[in-house]
Amino acid sequence: MQNHRAKQSTLNVKATGAQRVLVATTAMLVFISFWRAAAVVLNDMGSSAFYAGAIAEHFVGKTAPWFILAIMLLSYAVRAVYIESCSMFVRGGVYRVVKEAMGGTLAKLSVSALMFDYILTGPISGVSAGLYLAGLLNELLHHAHSSFVLNVNWTAALFAAVVTVYFWWQNIKGIPESSEKALRIMYVTTVMVVMMIAWCAYTLWVRGAHLPPWPHLSNLVYSNDALGWLRHSSLPYTVGLIGILVGLGHSVLAMSGEETMAQVYREIEHPKLRNLEKAGFVIFLYSLIFTAGVAFFAVMIIPDSVRNSFFDNPIGGLAMYLVGPLSLRLVFRAFVVVVGVLMLAGAVNTAIVGSNGVLNRVSEDGILPHWFRHPHPRFGTSHRLLNLVVGLQLLTILLSRGNIFVLGEAYAFGVMWSFAMKGLAVLVLRYKQPGEREFRVPLNLKVRNIEIPLGLGLITIALFALCVINLFTKQVATLSGVAFTIIFFAVFTASEKMTRKHTTAHSELDQFNLEPGEDLTPEAVGVRPGNILVMVRNYNTLYNLGAVLDRVDTHTHDVVVLHLRFLTRAGSGEYELEAEQLFSVEEQQLFTRALELAEKKGKTIHLAVAAATEKWDAILRAAQSLRSSAVVLGPSPTRPVTEEARIAGMAWEHLSDPKPQLTLQIYFPGGQEHVFYLGPHAPHLTPNEVDLLHGIWLELSSDVAPEEIHHHDVIHFALEELRQELSNTQREEVLRRLWQHLQEIKGRRVTHL
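This is a predicted model, so every value here is computed, not measured.

Caption draft 1: Here's a closer look at helix H15 (residues 383-400). The end-to-end C-alpha distance of H15, which contains 18 residues, comes to 26 Å, matching closely the 26 Å that a straight helix rising 1.5 Å per residue would cover. Residues His 383, Leu 385, Leu 386, Val 389, Val 390, Gln 393, Thr 396, Ile 397 and Ser 400 constitute the buried set of H15. Across the axial projection of H15, the buried residues extend over an arc of 150°, all falling on one side. Turned more than 90 degrees from where H15 packs its buried face, Leu 398 and Leu 399 sit exposed. Positive backbone phi, at 55°, marks Arg 401, one or two positions downstream of H15.

Following this line, the structure appears as structure tokens:
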């Protein structure tokens, strides 16, 4: 997904007597910790605690908490499916995985269904937040003996619209801002959750505890709208499995947010997969305790006679029936409402983040015109996709008129089908693309070298079973979801044909802004002094960039990726060059591959293109301007490493003062590394050389006693003697011995210049 802060890339054009510079910005990644990633997802999954249990009880009665608990456990299994798919595709998600496994048609259908629920997730969360707020305000007005009463639904709808617009602007600015707010929301929510659990546990200890009825057929109480087209059938009343599936189908709201894991994975910092696993466990544990806990506490503490009046704000009702003074309970309810508004508003943000990410994947594949992915001129975010998503969400809020049950009944059509298609796709890929994976869904059996993914198969069957039962029991979701999916699928199909007809074969490449800027400096590129300058020339030979990203901690050293665009002498004169002459499809493809590599490593890079007529002059002047500490490149196809280093050293001598001290690192495809030092520097002594120096020092120490002598005295004396010999008749003999020495050690040393 590309709703994150832009980093700057500089295009530096040398002209006669001056420099012409362009600044290229793109949706560069600013990687986030697994805590922030978990916070973004939890703002969606955790927020369902504020309404999922009550909506489930509305449909299936007091047995609802058990179904919520079962869905939370199922979510852990679904999370494993997502982690396996992320280990295969950094820019993953339902669309990419389903397309790789089963083709573009099913991929477009899956993502069309998923978009239906992404469009609903924001409104249902925003409306729920508004209902909590309106309920509290009406409660306070009642205690103040005011006759004024807010229209709960329209107040909730207005609040949801305001929150949606606010987070639209936050996402326009970028994901670091939105993920930071998500993390802060989770800090406050955690305080409320701990207080609630402790107070509810104390209440049950004082009053006694009775668990909700076990979900037997005799305990299931269906509402009028719970069975849909099965309401005239006896199956939900006579077949236990059908009854269980109906209850689970009306509880899947508690599992929303899983797809956002795949979208956020692109932003998780190094080590990516390990951090995703950590984030996944945090998400599971938190949502299990919070969402399932609220569902159980609400049924066990709020009296049956009044509980249905709190279906639109169950935690608020829970606060009012805890033991303790009324004033204290009102204060806690106000705190619950504040936290609920924050967290549910955060879920609005998550819905925008996730849907924007999904549409980015679709656009990258040429389904939508690349016009949609054009970066914001200031922030570098895909603002046009954000505008489309938020516009549809605002329309949904208006049509729902703030009715949480209408939104709840419509919800979960697409998310369940996307989960099921995702599970089936990963299952197909086990056989279509066999081999090692960094992570695999557990429970894999082997029979004569044939793998039987038992765990993955059971998860997929369970998800498809819930999809089928929802088709028959959720009329609103089925009718509206199918209609939305067909419309979106038709739009995607038509758009794909038009896009591929009117664009080149490079629509999948990342988009870059090109605009006038300042000189090639750390400030212009957005890096710190001491950065690492990595030279790239071909998108198939980025092994030097990969080696740097494996070794460098980008928290302490920035990585600048520089591509030289060589010009003929005639083309480097006083005439200005157009941006397209410097930044063609070749550079766009190269930088797209570099970004993909950086995303896979979970580390940030900064991009630059420089026009040049001479290789080493351009490289070293760029390093000098950027105040780099090291220059990294691959081997020259025409020169030996030592010759390349010698030319680099000569170019360094021609730099203007003050000349920088630079480390030159040349990486080969096989992993070999040659290191050279440009400029005055302390020599790198091998252990043999240190032993030789120490042995000479020991011998001389006894000979010059009682005078004191140090190791550096030995080196100083030897260098002075060598200089003297080179300046007299012994020069030829010294050079002969030096040549002989170099030939002896040529094959067994790492060269230093």
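Caption draft 2: Broad picture of the pairing of strand S7 (residues 559-566). Counting buried residues in S7 gives six out of eight residues, a clear majority hidden from the surface. Bridge count for strand S6 (residues 532-535) against S7 is four bridges, and the pairing is parallel. By the bridge assignment for S7, Met 535 is matched with Leu 562. As paired elements, S7 and strand S8 (residues 606-612) share seven bridges and run parallel to each other. Bridging across to S8, Phe 566 finds its partner in Ala 612.

Caption draft 3: Representation of a nonpolar patch on the surface. Taken together, the side chains of Leu 443, Leu 445, Val 447, Ile 450, Ile 452, Leu 454, Leu 458 and Ile 461 present a nonpolar region at the surface, about 750 Å² in accessible area. Those elements giving two or more residues to the nonpolar patch turn out to be strand S3 (444-447), strand S4 (450-453) and helix H18 (454-473). The leading source of residues in the nonpolar patch is H18, at three residues. Within the element layout of this structure, Leu 458 appears in helix H18.

Caption draft 4: Local environment of the confidence of the model for the protein. The share of residues in the protein with pLDDT of 70 or more is 89%, and the mean pLDDT across the chain is 82. Between residues 1-28, whose pLDDT stays under 50, and residues either more than four places distant or in other chains, the model counts 143 contacts. Note on residues 569-576: pLDDT under 50 across the span, and 11 contacts to partners over four residues away in sequence or across chains.

Caption draft 5: Looking closely at the pattern of salt bridges. Under the definition given, this model contains 21 salt bridges. Its salt-bridge partner being Glu 496, residue Lys 108 comes within 3.1 Å of it at the nearest N-O pair. Placement of Lys 108 in helix H5 (residues 104-143) and of Glu 496 in helix H19 (residues 475-502) is noted, with a sequence separation of 388 residues between them. Given the relative accessible area of 13%, Glu 496 is considered buried. Where Arg 528 meets Asp 558, a salt bridge forms, and the shortest distance between an N and an O atom there is 3.0 Å. With Arg 528 in the loop between helix H20 (522-525) and S6 and Asp 558 in the loop between helix H21 (543-551) and S7, this pair connects stretches of sequence that are 30 residues apart. Taking relative accessible area as the criterion, Arg 528 reaches 35% and is therefore assigned partly exposed.

Caption draft 6: Summary view of the packing of aromatic side chains. Under the criterion given, the structure shown has 18 aromatic pairs. Both rings, one in Phe 50 and one in Tyr 132, keep their centres 5.4 Å apart while their planes meet at 80°; by these two values the pair is edge-to-face. Residue Phe 50 is found in the loop between helix H1 (34-45) and helix H2 (52-60), and its partner Tyr 132 is found in helix H5; the two are separated by 82 residues along the sequence. For the residue pair Phe 50 and Tyr 132, the accessibility class agrees, reading buried in each case. Connected via pairs of aromatic rings, a cluster forms that spans Phe 50, Tyr 132, Tyr 286 and Phe 290. Between Lys 272 and the ring centre of Tyr 265, over which it is positioned, the NZ or CZ distance is 5.0 Å. Directly above the aromatic system of Trp 652 lies the positively charged group of Lys 659, at a separation of 5.9 Å from the ring centroid.

Caption draft 7: Highlighting helix H9 (residues 240-249). Along H9, seven of the 10 residues are buried, which leaves the element largely enclosed by surrounding structure. For H9, the full list of buried residues reads Ile 242, Gly 243, Leu 245, Val 246, Gly 247, Leu 248 and Gly 249. Contacts from the buried residues of H9 go to H2, helix H3 (64-88), helix H8 (235-238) and H18.

Caption draft 8: Examining the nonpolar core more closely. Core analysis: the largest hydrophobic core is formed by 160 residues, its most contacted members being Phe 50, Met 196, Phe 290 and Met 416. Of all the elements, helix H11 (residues 272-301) adds the most residues to this core, at 17 residues. Setting aside residues up to four positions removed in sequence, Met 416 forms contacts with Val 252, Met 255, Leu 463, Leu 466, Cys 467 and Asn 470. Listed in part, the 32 residues of the second largest apolar core include Ile 647, Ala 651, Leu 655 and Leu 662.

The rules we used
Residues numbered from 1 in each chain as written. Predicted model: local features only at pLDDT ≥ 70, side-chain atom pairs only at ≥ 80, totals over all residues. Heavy atoms only, no water. Helix = DSSP H or I, 4+ residues; strand = E, 2+ residues; numbered from the N terminus. Expected span 1.5 Å × (residues − 1). Buried < 20%, exposed > 50% of the residue type's maximum accessible area, 1.4 Å probe, protein only. Arc of directions from axis to C-beta. Pairing = 2+ DSSP bridges. Patch = residues over 30% accessible without salt bridge, like charges linked within 9 Å, V, L, I, M, F, W, Y side chains within 5 Å. Areas by Shrake-Rupley, 256 points an atom, 1.4 Å probe, with all protein chains shown as cover. Salt bridge = Lys/Arg side-chain N within 4 Å of Asp/Glu carboxyl O. pLDDT = per-residue confidence, 0-100. Contact = heavy atoms within 4.5 Å. Phe/Tyr/Trp six-rings, centres within 6.5 Å; stacked < 30°, edge-to-face > 60°. Lys NZ or Arg CZ within 6 Å of the ring centre and 35° of its normal. Core = buried A, V, L, I, M, F, W, Y, C linked by side-chain atoms within 4.5 Å.

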